[in-house]
Amino acid sequence: MAKHRAPRYVRTKHALAGVPVAAGATVVGLSVLSTPAAQAATTHDWTGVAQCESGGDWDINTGNGYYGGLQFSQSTWAGYGGTALAPRADLATPAEQVQIAEKVLVGQGVGAWPTCGKRLTDGTTAAAVAAPAAVPAPAPAAAPVAIAADAGSYTVVRGDTLAKIAAAHGQSWHELYQLNVGVIGSNPNVLVPGQVLVTSGVAPAAAPAAVAPAAVTTHTLVATTTDAHITNSAGAVKPQAQAAADAVVSNVPGADSITLGGTRASAVDPGGHPSGLAVDYMVLSNATLGDEIVAYHLAHWDELGVDYIIWEQRILTSPTGSWKQMEDRGGITANHMDHVHVNYEG
């Protein structure tokens, strides 16, 4: 499944294995959950779905491309606003995972969990009700405290990424990763709150708190440290596509080592590859990297000038919209299972 995940669906892992379904709760039939109105009007108990999907483990990350108790893919988590709560579903609380699951339920119906959706019932999710008490205070003070860390070290907090920490300390993520590979491990995409990282410097003390908001409000591309090599066969890509690709390979760990496809003759998408406005990020079997590239584009949609994204046989035309299933074109590459296609605005 991690190699070619066909229809994308949300899967997670971290429910309370011993939590019983509330007395009197009834299984909600597929016909009832098929309409957004019915979904919005009811609160749901996701305990059974989590038990089915992940054995009730809300923190699970097995490396299969799906995260948390309800097994969200990264692009689904990001597409429904999950990255505003936590970088991935397995790093979110059960309550946060349930919050995003309710949005997916409204947008896609219970079929988003094709096997385990039948275990969804009316009521409330016990693990989600209990979880908030365990995580009260850290989040509010995390950003300012982290940025003000002592020179030469940094303690990871919820929501951090390697690129974000590196930018705040005036270095590239490659450099930061090399300094801390023994702490982080083999996957630079996975940081654990509480890890202490060594840094080579600290961002200027004059305005540390303004660093993060600036990237969101000014529509200015994040600083790039690497020039993306794009394979073209019909002339160079447009400057905006090149600049976006430079930002991706500079800020998404692992993206600098994959093949990028640019211009080529095509009668299928004249506004895409032939126009020089499209880039294919060839992740091959590394679906997790594909999800990270998609998440980066979602977080910087306006700055990168994204027009639309195609990934795993689905298309997204707005950072706040819903992924739409595409027709089966008959192959892994044709269905965008091995690469993320991004079209940038002309």
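Residues numbered from 1 in each chain as written. Predicted model: local features only at pLDDT ≥ 70, side-chain atom pairs only at ≥ 80, totals over all residues. Heavy atoms only, no water.

## A short note on helix H3 (residues 47–54)
Where we set the bar: The buried label applies to any residue whose accessible area, calculated with a 1.4 Å probe on protein chains only, is under 20% of its type's maximum; exposed applies above 50%, and partly exposed to all values in between. Helix and strand labels come from DSSP, where a helix needs a run of H or I of at least four residues and a strand needs a run of E of at least two; each type is numbered from the N terminus.
The element H3 is largely enclosed, with a buried count of six among its eight residues. Immediately downstream of H3, the backbone of glycine 55 shows phi near 70°, a positive value.

## Digging into the nonpolar core
Quick reminder of the rule: Within this scheme, the nonpolar core is defined by two criteria: the residues are buried Ala, Val, Leu, Ile, Met, Phe, Trp, Tyr or Cys, and they are joined through side-chain atoms within 4.5 Å. Residues count as neighbours in contact if any of their non-hydrogen atoms are within 4.5 Å of one another.
Ranked by internal contacts, the top residues of the largest apolar core, which has 34 residues, are Leu260, Tyr281, Ile293, Ile309, Val340 and Tyr344. Contributing elements (two or more residues each) for this core: helix H11 (239–251), strand E9 (278–282), helix H12 (287–299), helix H13 (301–304), strand E10 (306–311) and strand E13 (339–344). Tallying contributions element by element places H12 first for this core, with seven residues. Filtering out sequence-adjacent residues up to four positions away, isoleucine 309 remains in contact with Val294, His297, Trp301, Arg314, Ile315, Leu316, Trp323, Val340, His341 and Val342. Counting residues in each nonpolar core, the second largest holds 24 residues, with Trp46, Tyr67, Ala89 and Ala92 among its members.

## A short note on the state of the cysteines
Threshold: Criterion for a disulfide: a pair of cysteine sulfur atoms within 2.5 Å.
Here the structure, examined in full by the defined rule, presents one disulfide. Across the disulfide from cysteine 52 sits cysteine 116; the S-S distance is 2.0 Å. Sign of the S-S torsion, about -65° for the bond between cysteine 52 and cysteine 116, identifies this disulfide as left-handed. One end of the pair, cysteine 52, is in helix H3; the other, cysteine 116, is in the loop between helix H5 (94–108) and strand E4 (121–122), and 64 residues separate them in sequence. Take cysteine 52: its relative accessible area is 29%, and that puts it in the partly exposed class. Owing to a relative accessible area of 4%, cysteine 116 belongs among the buried residues under this scheme.

## What to know about the pattern of salt bridges
Keep this limit in mind: Each salt bridge in this description consists of a side-chain nitrogen of Lys or Arg and a carboxyl oxygen of Asp or Glu lying within 4 Å of one another.
Enumeration according to the criterion identifies four salt bridges in this entry. Its salt-bridge partner being aspartate 160, residue lysine 164 comes within 3.9 Å of it at the nearest N-O pair. On the accessibility criterion, lysine 164 (43% relative accessible area) is partly exposed. The partner of aspartate 280 in a salt bridge is arginine 264, with the nearest N and O atoms 3.5 Å apart. In this pair, aspartate 280 is assigned in strand E9 and arginine 264 in the loop between strand E8 (259–261) and E9, connecting sequence segments 16 residues apart.

## Topic: the pairing of E13
Put simply, the rule is: When DSSP locates at least two bridges between a pair of strands, those strands are taken to pair.
Counting buried positions over the six residues of E13 gives six, a clear majority of the element. Along E13, one buried face is formed by His339, His341 and Asn343 and the opposite face, lined by Val340, Val342 and Tyr344, is buried too. Pairing of E9 with E13 involves five bridges; the strand directions are antiparallel. Residue alanine 278 lies in a different strand from E13, and its bridge partner there is asparagine 343.

## So, the sheet that holds strand E12 (residues 324–325)
Worth spelling out the cut-off: Only C-alpha atoms enter the line fits that serve as axes; for helices the fit covers just the stretch in contact. Angles between N-to-C directions range over 0 to 180 degrees.
Reading across from one edge, E7-E8-E9-E13-E10-E11-E12 is the order of the seven strands in this open sheet, with mixed pairing throughout. Strands with a single pairing partner mark the edges of an open sheet, and in this sheet they are strand E7 (230–231) and E12. Sheet topology places E7 next to E8; two bridges connect them, and they run parallel. Directly across from isoleucine 230, in E8, lies its bridge partner leucine 260. Strands E7, E8, E9 and E13 of the sheet are contacted by H11, whose axis makes an angle of about 25° with E9. Seen against the sheet, H12 touches E9, E10, strand E11 (314–316) and E13 and runs at an angle of roughly 160° to E10.

## Comments concerning the packing of H11 against H12
The criterion, for reference: Any angle from 65 to 115 degrees is called roughly perpendicular, while one under 35 is roughly parallel, one over 145 is roughly antiparallel, and all others are oblique. Two helices crossing with the near one rotated counterclockwise from the far one by less than a right angle form a left-handed crossing, whereas a clockwise rotation gives a right-handed crossing. When residue character is reported, Ala, Val, Leu, Ile, Met, Phe, Trp, Tyr, Cys and Pro are called nonpolar, Asp, Glu, Lys and Arg charged, and the others, Gly included, polar.
It is at 11 Å that the axes of H11 and H12 come closest, and there the two elements cross at 120°. The angle between H11 and H12 falls in the class oblique. Considering only the axes of H11 and H12, their crossing is right-handed. Side by side, H11 and H12 meet where Ala247, Val248 and Asn251 of the first sit next to Ile293, Tyr296 and His297 of the second. Split into classes, the residues belonging to the contact of H11 with H12 amount to four nonpolar, two polar and no charged.

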